[in-house]
Amino acid sequence: MSTATTEAARAFRGAHTDGRSPEELREIVSHWGAELELAPAETIIEWAAATFGERFCITSSMGDAVLAHLAAKVAPGVDVVFLDTGYHFVETIGTRDAVAATLDVNLITITPVQSVAEQDATYGKELFRSDPDLCCRLRKVQPLQESLAGYDAWATGLRRSETRNRVIAPVIGWDAKKQKVKVSPIARWSDEQVERYLQDNGVLVNPLVYDGYPSIGCAPCTRRVAPGEDPRSGRWAGTGKTECGIHT
């Protein structure tokens, strides 16, 4: 990130240490979106940290630690929010713990309002089978929405190559539902670029990735993917569902 860009971002932050209005946030997206579209991921994260300060965080599902690793280099101590749905694989929780122990980030774990047992009592056992959209809304979408209340912007590991729904995802965008700035520093990265970064930097990877799970969600709704299959085909297999709702 150039010195001029850094100073401009910090100066703009100046009197906005509390939270900006939606109008102000949309203006930031309008001003910076095109300028940062082709910027390196590190520059994008550095800009976001300089612009939003403590009102910026990163979210991670712990499929790997690429985004957290990038952030730790240019914005040490940044909040990394992990959503524990109560249905995660043991390996995913282990990856979260390893990230917290080895990277210079502030790992924050959030949970849904109801435990799995309480949800079963309210909606019936295994809601993820009878109504997966509702289950995702209760255990992912709503908790994340609530956890982002104290932030003006958040970064995701979303990449355009992952699904057709994400092809036009901007690097700096406006999430109308959340009324927040959505930052996708590695949106333009290909699978090959991710793999190169992992290898070159020794980044933590969820061990399930090497066991046939290229896209990892909740254990009951994720299966192994056969060679040649769409990497996302193991998520909600047989339901026609492709997204949990966080990115839609």
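Each remark here, short or long, concerns the structure printed above.
Thresholds, definitions, all that
All residue numbers here refer to positions counted from 1 along the written sequence of the relevant chain. Residue-level local features of this predicted model are given only where pLDDT is at least 70; pairs of side-chain atoms are given and counted only at 80 or more, and the full residue set underlies all totals for whole chains, interfaces and linings. To get the side-chain values, take all heavy atoms of the structure and skip hydrogens and water. Under the scheme used here, helices are H or I runs from DSSP no shorter than 4 residues and strands are E runs no shorter than 2 residues, and both carry numbers assigned from the N terminus. For each residue, the accessible area found with a 1.4 Å probe, counting protein chains only, is set against the maximum for its type, and the residue is called buried under 20%, exposed over 50%, and partly exposed in between. In this analysis, two residues are considered to be in contact whenever any of their non-hydrogen atoms come within 4.5 Å of each other. Throughout, the Shrake-Rupley method with a 1.4 Å probe supplies accessible areas, and for residues the shown protein chains are the sole cover considered. Strand pairing requires that DSSP identify at least two bridges connecting the strands. For every element, the axis is a line fit to its C-alpha atoms; helices are fit only across the contacting stretch, and the angle between N-to-C directions ranges from 0 to 180 degrees. Just to be clear on terms, a salt bridge is a Lys or Arg side-chain nitrogen sitting within 4 Å of an Asp or Glu carboxyl oxygen. For a helix, the expected span equals 1.5 Å multiplied by the residue count minus one.

Enquirer: Explain the overall build of the chain to me, please; I cannot follow it from the model alone.
Expert: Within the chain one finds nine helices and six strands. Looking at the 248 residues of the chain, the share that counts as buried comes to 50%. The long-range fraction of contacts in the chain, counting pairs at least 24 apart against all pairs at least 6 apart in sequence, stands at 69%. For the chain, the accessible surface area stands at approximately 11800 Å², while carbon and sulfur atoms represent 51% of it.

Enquirer: How should I be thinking about the sheet that holds strand 3 (residues 106-110) in this particular structure?
Expert: Backbone-to-backbone hydrogen bonds join strands into a sheet, with any given pair of strands oriented parallel or antiparallel. Taken in spatial order, the six strands make up an open sheet running 3-2-1-4-6-5, and their pairing is mixed. Single-partner strands in this sheet number two, and they are strand 3 and strand 5 (172-175). Within this sheet the neighbouring strands show an average axis-to-axis angle of 30 degrees, counted without direction. Note: strand 4 (residues 153-155) against strand 6 (residues 180-183), three bridges, orientation parallel. By the bridge assignment, Trp 154 is partnered in strand 6 with Lys 182.

Enquirer: Help me out: how do you make sense of the side chain of Thr 85 in this one?
Expert: As for its placement among the helices and strands, Thr 85 is situated in the loop between strand 2 (79-83) and helix 5 (90-102). Beyond its immediate chain neighbours, meaning those up to four positions away, Thr 85 contacts Pro 112, Val 116, Arg 139, Lys 140 and Cys 218.

Enquirer: Can you walk me through the pattern of salt bridges in this structure?
Expert: Pairing is possible between side chains of opposite charge, provided their charged atoms come close. Per the counting criterion, the structure on display carries ten salt bridges. Salt-bridge contacts for Arg 96 lead to Asp 97; the nearest nitrogen and oxygen are separated by 2.8 Å. Overall, Arg 96 belongs to the buried group, its relative accessible area being 14%. Judged by its relative accessible area of 41%, Asp 97 falls in the partly exposed class. A salt bridge links Arg 223 to Glu 229, with the shortest nitrogen-to-oxygen separation between them at 3.3 Å. For Glu 229, a relative accessible area of 33% translates into the label partly exposed.

Enquirer: So what exactly am I meant to see when it comes to helix 3 (residues 41-52) here?
Expert: Helical periodicity: at 3.6 residues per turn, an α-helix aligns residues three or four positions apart in one direction. Here helix 3 is twelve residues long and its end C-alpha atoms lie 17 Å apart, about the 16 Å a rise of 1.5 Å per residue gives. Most of helix 3 is tucked away, with ten of its twelve residues classed as buried. Of the positions making up helix 3, those classed as buried are Ala 41, Thr 43, Ile 44, Ile 45, Trp 47, Ala 48, Ala 49, Ala 50, Thr 51 and Phe 52. Looking one or two residues beyond helix 3, the residue adopting positive phi is Gly 53, at roughly 55 degrees.

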